[in-house]
Amino acid sequence: MNYSRLYAPLMKIYLLVFFCYLFLPLLLMAIAAFNTPTIPSVIPWQGFTLQWFTLLFQDRLIWESVLNSLIIGIGVVLLAVPIGLSAALLLTRLQSRSQPFLYAILVSPILTPGVILGISTLIFWSQAGIGGGLFLTVIGQTTFIASFSMLIFMAQLQRLDPELEEAALDLGASHLQTYMKVIFPYLKPTFITAACISFLQSFENYNTTLFVIGADTTLTVKIASMIRLGLTPEVNALSVIFLGVTVMAAVIYTLLQKQEDTDAV
Amino acid sequence: MTQWQQLLFQNGKIMAVFMVALPAFWLVILIVAPQLMMIDFSLWYEDNVTLERLERDISQKDHHLFDLDDKIANLMDQGLSAADPQLVSLEQEYQLLDQEIKQLMLKTDDPPEVYSPKNYVYLAHNQLHRTIFLKTIWSSLMVTLIAMVICYPVAYYLAQVAPKRQATILFLGLIIPYWINEILRTFAWLMLLSYNGFINLFFTRAGLLEEPIEFLDGNTGVLIGMTYAYILFMVFPTYNLLQTLDRNQIDAASDLGAGWIRIHLRIAIPHAKPGLAVGAITTFMLAAGTYAVPAILGGPHSLWFTQIIYSWFFDGGNWNQGAAYAFVLLFLCIIFVMLMMKIFRVRFNDITRRV
Amino acid sequence: MPGQNVELIHISHAFKEVTAVEDLTLTVDRKCFFSFLGPSGCGKTTLLRIIAGFIRPTRGKVLIGGKDMAGMPPNLRPTAMIFQNLALFPLMSVWENVAFAFEVRGMTKKNRRMRAEELLDRVALPDVADKSPQELSGGQRQRVAIARALAVEPEVLLLDEPLSALDLKLRQKMITELRDIQRQTEVTFIYITHDQGEALAMSDQIAVMTEGKVQQIGTPEEIYNKPRTAFVATFVGENNRIQGRITRIDHDRGEISTSLGNLTGKLGSTDINIGEDVLLFVRPERCTLNSQKEIDNSITGQIVQLDFAGPTRICNLNVKGELFKVVYPEGQHHFKTGDQADLSFHSRDALILPQGKAVHD
């Protein structure tokens, strides 16, 4: 085929450039964490140091923001997972003409810019006298994270054989027993996926959080303000940790996926 | 049978309540009511002119009150008895005025809300804001288009051409930057692009540049950073769709004499349409709605529409004006979604299934 | 004790605008193997799900053991169902599947295990208790599903075409096994299928259904030999069909005039009158070719196709534009395509029925 002769080398070069484009900036950012100057830089190289990591770990404000991020993340998981599950069940079981309309509204937060979700949440709850803070951040983030969680559950529920549920009922199980013994065990991996994705989405969120966090701060918001006011290689040290965790998680994820593929075969 | 009875019959009481109550809470309290409240906010303003007039009125009346007080005191000093008719009438006048002032004061506590399209008109008439809004649309469109062009070959290669092992490794190479925090991805480009950043230092030291380039003064930095930050949102949906394309279709087309370009135009791209639509919608929405990228990579001359919205809320303290701006942004995104559905001829369900 | 077990009284059900079951009344006797036979979409699955309690009929009543089932959810009905794809719980082992009914009743684990193994023995499946259902063969899975259903000690076992996914050999084996299990357990079986072979082989009683209505109820022999409507005559087994008008009636015999000449047959219904348009049916195996004996109906045609079918041969004849099918033992004749042949059949083997919707119309 003429593809292999003419296009293959071009494609190889293209891919090489593309992946350099993806990774070089991240690599430079990570390397700068080990350079001495107080402004993050790679050139000139003035000596290897780990002092930025030491400073980072001693920074009380960072630890506080990490704690806030964790609290918010857990709060979002506790809200978004049950909401996503219930909505997915409702949408897969509802046989009404209004179902597509309801579905459209429930996924719309995903297609709405994050700042707008933040703003509308802020305005709405200020009417009840509740201002920005951890609680409002949980609420604001849940608005759209629940949509993701719902889509994850829906994908799995559509693959559930409806006869399993009927079989359980037929064998004398109550509706609740059917859910507890048949449907929820079937959804167990989905619960884990939905919880992980909800937590990560919450942890990384910036645009919505910015409007509803009030005087508090999350790790992401903290990083952004460090970059804008008072940038030191501490941020780079933090990015090294982020990169490390992400690479590990991505490798595990890929291995698990591969395992699933071979299991399926 | 009503819908509720049907749900009850199928799921039992506890689960039916669970399935209705939680989504209802989400739908009403988290999604619909806040949006409606935001729209409501955008449609009125606090009438400051009336407020100022009121305050002026009050201060005038206050003066008058003082005068009266003085007069009464003077008359008392002159030895007039409290029962004197002149004094009684003055006293009455004083009381009335005092009441009136108190009532006016109450009004200023709760400034009048006037419903009008003023907040939107303000945007239409403010040339700076209007330009920034148009620039936001234009730049977001550019970012979307660039991302689509860059991503398509990568997605196609990964989905159709790459051998399995290689595809796994390349896929890993895509998810790592995808999972890195948006702020950090942007920060990486700050290090590259700033005046004393890597690119400038590297090229000036190598003698290829005489003067460092001011990437971050205008919009260049913002555009580059945004493309980098959101490009992967284009790769994955496109890849997902292309993966479902049956290899035999390509072989059949090739067998029938179609050239490589024709295969893409007639088979691969039409097949990938829903994926491209999702990618375009997500990228556009993220680009138009980003606050982080322009805040980090933008200079004083490259304000972004979201930054203006932010300042209405937290610097200007005019939430109504901010709400109107936010709604305009939301409206823009809705229009874009509808436009993409038209252009790519996909239904709403096709889109959301691929997010 | 014999008697009525399941009674369906004026059952109707409609999905939105489509009527699935229309005013259906019938009774199923205790310990009976009862089949609903009909093409897909005839409403038989809906009916089964109405009996099981998954669907509330728009109108009508279901009585089981004399008790009205209205408002009774599936988990409280004395029925158990074998689903089309069996619906074995994939995350549970075989014995946990079988013991599911005991589990929801709160029986201790030890007892559950014991009872499950008893049931597995009963369906001749020892030694698979700890396997996962996915590890079993198709036939074994069938038996697990039956054991699981028997665990609730149902009065009625409902079977929703459970054999349709099996290959031919295994299906024939399961037909015998199902029949044996039904005899042994003395549970009423209500079986639905679109496969007449299954229905004829297993059932005590068959109800042939189409378009939401029962066409005929009877033993397999009655259904096959004495169909009462054109639909039953064409749906159950093969049948040749000739259109005509009735010209003479003599006791239970009638004569009709057709494009092939006058033919005689038995009257299949009492409300047939002279002058009416009717259909005459005769089974391929009841027709003979070039018979030496005197037979009352005889016509001549040309052989257009000869198919070898192992012990028999299937011959297609063109008689004045009408196609006839004749089955004869292999080796009886030595025809070639294009040969002329005389086709004849006794009037006692031909059936005259009123016109009505037939299969393939």
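The structure displayed is predicted, hence computed values, not measured ones.

Concerning the environment of B:Thr50
All names here are of chain B.
So, step 1. Tracing the chain through its elements places Thr50 in helix H2 (residues 48-77).
So, step 2. Taking relative accessible area as the criterion, Thr50 reaches 24% and is therefore assigned partly exposed.
So, step 3. Between the alpha carbons of Thr50 and Pro177 there is a distance of 55 Å; along the sequence they are 127 residues apart.

Comments concerning the packing of aromatic side chains
So, step 1. A full pass over the atoms with the stated rule returns 48 aromatic pairs over all chains.
So, step 2. Ring centres 4.9 Å apart and planes at 50 degrees place the aromatic pair C:Phe89 and C:Phe100 in the tilted group. Separated by 11 residues along the polypeptide, C:Phe89 in the loop between strand E6 (79-82) and helix H2 (94-98) and C:Phe100 in helix H3 (residues 100-104) bring together distant segments of the chain. This pair shows no difference in class: C:Phe89 is buried, exactly as C:Phe100 is.
So, step 3. By way of ring pairs, the aromatic residues A:Tyr206, A:Phe211, B:Tyr291, B:Tyr310, B:Phe313, B:Phe314 and B:Trp319 are connected into one cluster.
So, step 4. Against the face of C:Phe89 rests C:Arg148, its NZ or CZ located 4.7 Å from the ring centre.
So, step 5. When the ring centre of C:Tyr224 is taken as reference, the NZ or CZ atom of C:Arg283 above it lies at 3.8 Å.

Structural notes on the domain arrangement of chain C
Residues and elements named next belong to chain C.
So, step 1. Examined at the domain level, chain C breaks down into domain 1 (6-230) and domain 2 (231-354).
So, step 2. Averaged C-alpha coordinates put domain 1 and domain 2 at centres separated by 38 Å.
So, step 3. Tallying the contact residues gives 18 residues for domain 1 and 15 residues for domain 2.
So, step 4. A buried area of about 1,400 Å², summed over both sides, lies between domain 1 and domain 2, and 65% of it is on carbon and sulfur atoms.
So, step 5. The largest per-residue losses of area from domain 1 upon contact with domain 2 belong to Tyr224, Pro227 and Ala230, which jointly make up 46% of the total buried on that side.

Here's the deal with the pairing of strand E16 (residues 297-309) of chain C
Residue and element names in this part refer to chain C.
So, step 1. Note: E16 against strand E19 (residues 340-345), 6 bridges, orientation antiparallel. Bridge pairing links Thr300 to Asp342 in E19.
So, step 2. Bridge count between E16 and strand E17 (residues 312-319): 7 bridges; the pairing is antiparallel. When the sheet's bridge partners are listed, Leu306 is paired in E17 with Cys315.
So, step 3. Where E16 folds back onto E17 in an antiparallel hairpin, the turn is made up of 2 residues, including Gly310, whose phi is positive at roughly 75 degrees.

Some details on the confidence of the model for chain C
So, step 1. Averaged over every residue, the pLDDT of chain C is 90; residues scoring 70 or more account for 98%.
So, step 2. The ipTM, which scores confidence in the relative placement of chains, is 0.91 for this predicted complex, and the corresponding pTM is 0.85.

Some details on the sheet that holds strand E18 (residues 322-329) of chain C
So, step 1. Ordered in space as E15-E19-E16-E17-E18 (chain C), the 5 strands form an open sheet in which the pairing is antiparallel. At either margin of the open sheet sits one strand with a lone partner, and together these are strand E15 (288-289) and E18 of chain C.

Observations concerning the sheet that holds strand E5 (residues 67-68) of chain C
Residue and element names in this part refer to chain C.
So, step 1. Strand order across the open sheet formed by 4 strands is E2-E1-E4-E5, with antiparallel pairing between neighbours. At either end of the open sheet lies a strand with only one pairing partner, and these are strand E2 (18-29) and E5.
So, step 2. Where strand E4 (residues 59-64) and E5 come together, 2 bridges link them in antiparallel fashion. The residue bridging Leu63 from the neighbouring strand is Asp68, located in E5.
So, step 3. Seen against the sheet, helix H1 (residues 44-52) touches strand E1 (4-15), E2 and E4 and runs at an angle of roughly 120 degrees to E1.

So, the interface of chain A and chain B
So, step 1. Each side of the interface is counted separately: chain A has 95 residues, and chain B has 93 residues.
So, step 2. Here chain A meets chain B over a buried area of about 8,600 Å², counting both sides, of which 80% is carbon and sulfur.
So, step 3. If you look at where chain A meets chain B, you find 0 salt bridges.
So, step 4. Here chain A is connected to chain B by 11 residue pairs in polar contact (both at pLDDT 80 or more).
So, step 5. Ranked by residues supplied to the side of chain A that touches chain B, first place goes to helix H1 (residues 2-31) of chain A with 15 residues.
So, step 6. Partitioned by chemical class, the residues of the side of chain A that touches chain B number 68 nonpolar, 20 polar and 7 charged.

Things to note about the nonpolar core
So, step 1. Formed by 265 residues in total, the largest nonpolar core has its most connected members in A:Met150, C:Leu8 and C:Phe36.
So, step 2. With residues up to four places along the chain from it excluded, the contact list for A:Met150 reads A:Gly84, A:Ala87, A:Ala88, A:Leu91, A:Tyr103, A:Leu106, A:Val107 and B:Trp26.
So, step 3. With 26 residues, the next largest nonpolar core counts C:Leu263, C:Leu267, C:Val319 and C:Phe324 among its residues.

Description of the interface of chain C and chain A
So, step 1. In this complex, chain C contributes 26 residues to the contact, which on the side of chain A involves 19 residues.
So, step 2. Taken together, both faces of the contact between chain C and chain A bury some 1,800 Å²; the carbon and sulfur share is 61%.
So, step 3. Considering only the side of chain C, the residues that lose the most area to chain A are C:Asn75, C:Phe100 and C:Val104, jointly responsible for 28% of the buried surface there.
So, step 4. At the junction of chain C and chain A, the tally comes to 2 salt bridges.

Definitions and cut-offs
Residues numbered from 1 in each chain as written. Chains lettered and ligands numbered in written order. Predicted model: local features only at pLDDT ≥ 70, side-chain atom pairs only at ≥ 80, totals over all residues. Heavy atoms only, no water. Helix = DSSP H or I, 4+ residues; strand = E, 2+ residues; numbered from the N terminus. Buried < 20%, exposed > 50% of the residue type's maximum accessible area, 1.4 Å probe, protein only. Phe/Tyr/Trp six-rings, centres within 6.5 Å; stacked < 30°, edge-to-face > 60°. Lys NZ or Arg CZ within 6 Å of the ring centre and 35° of its normal. Domains from an automatic or database assignment. Contact = heavy atoms within 4.5 Å. Buried area = accessible area lost by both parts, 1.4 Å probe. Pairing = 2+ DSSP bridges. pLDDT = per-residue confidence, 0-100. Axes fitted to C-alpha atoms, helices over the stretch in contact; angles between N-to-C directions. Salt bridge = Lys/Arg side-chain N within 4 Å of Asp/Glu carboxyl O. Polar contact = N/O pair within 3.5 Å; in protein donor to acceptor, adjacent residues only side chain to side chain. Nonpolar A, V, L, I, M, F, W, Y, C, P; charged D, E, K, R; others polar. Core = buried A, V, L, I, M, F, W, Y, C linked by side-chain atoms within 4.5 Å.

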